[in-house]
Amino acid sequence: MKEEMLEKIKRDYLKLEEEYQTKNSKMTRLKELEQHPLIQEYLTLQQDLEKNTLQKATEEHCLDFVSEAYAMNSHHIKETNSIFVYLGTYKNNESRDILRGPESTRVKYNDPEAEYRVYVDLEKQSHDALEIPLQNCAFFEQTHRIIFPKSYNTVREFFNLQNTFLLDAIELGQEEAIERVLAKSKKIDFKKMPRK
């Protein structure tokens, strides 16, 4: 081998050795720093946040997937578990819309001027909601399982309950999903509520 080639190999060797030593020094210093309590706390927090973000993203994707799968198949659902979600109590206003008919106003559950209540089957689309005349609501509520949402935004809560129910049914089976969704329902004794 020519002397200049040997010199080039030697230079490359020394360069690689120096890079290795530098990297090794950095690794040693990194291990020393990792022993410091503040850095350990930082690393733990970083791992927890990454884990929670990933878990939340995974849960959101699962709910998106279940919602999309449900939308693709909802028109085929004929039989359900007959669990209804209460969407509100309404009275008709005197003003009328030519295209849509009388306008409705949401009122309190026990409003004496109320005319009907709206319920939707948990396994159906929200546009399949039932408008039950007020005089028939007591019988309907006694003969069906009703979930009374905890928030005023009952439609959004309906979709959240529906997605959670469907995901539970897929992962755990319908019986467990029914138990879980019914456990989330608000128990209200409307007979004890004061009238307006």
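Residues numbered from 1 in each chain as written. Predicted model: local features only at pLDDT ≥ 70, side-chain atom pairs only at ≥ 80, totals over all residues. Heavy atoms only, no water.

### Focus: the side chain of aspartate 168
Reasoning step 1: Residue position: aspartate 168 is located in helix α4 (residues 154–172).
Reasoning step 2: One buried charged residue, aspartate 168, forms no salt bridge at all, with the nearest opposite charge on arginine 180 at 4.0 Å. (Helix = DSSP H or I, 4+ residues; strand = E, 2+ residues; numbered from the N terminus. Buried < 20%, exposed > 50% of the residue type's maximum accessible area, 1.4 Å probe, protein only. Lys, Arg positive; Asp, Glu negative; His and termini not counted. Salt bridge = Lys/Arg side-chain N within 4 Å of Asp/Glu carboxyl O.)

### Overview of the packing of aromatic side chains
For any pair of aromatic rings, the description consists of the separation of the ring centres together with the inter-plane angle of the planes.
Reasoning step 1: Under the criterion given, the structure shown has eight aromatic pairs.
Reasoning step 2: Between phenylalanine 84 and phenylalanine 140, the aromatic rings sit 5.1 Å apart at their centres with planes inclined by 70°, giving edge-to-face as the arrangement. In this pair, phenylalanine 84 sits in strand β1 (residues 83–97) while phenylalanine 140 sits in helix α3 (residues 134–143), placing the two residues 56 residues apart along the sequence. Residue phenylalanine 84 shares its accessibility class with phenylalanine 140, and that shared class is buried.
Reasoning step 3: Ring geometry for tyrosine 86 against tyrosine 109: centres 5.6 Å apart, planes inclined by 65°, an arrangement best described as edge-to-face. On the criterion of sequence distance, the pair formed by tyrosine 86 in strand β1 and tyrosine 109 in the loop between β2 (101–107) and β3 (116–121) is long-range, its members being 23 residues apart.
Reasoning step 4: The class of tyrosine 86 is buried, set by a relative accessible area of 9%. (Phe/Tyr/Trp six-rings, centres within 6.5 Å; stacked < 30°, edge-to-face > 60°.)

### A word on α4
Reasoning step 1: Across its 19 residues, α4 extends 25 Å between first and last C-alpha, which sits within 8% of the 27 Å expected from 1.5 Å per residue.
Reasoning step 2: Taken together, the buried positions of α4 are Thr154, Glu157, Phe158, Leu161, Gln162, Asn163, Phe165, Leu166, Leu167 and Asp168. (Expected span 1.5 Å × (residues − 1).)

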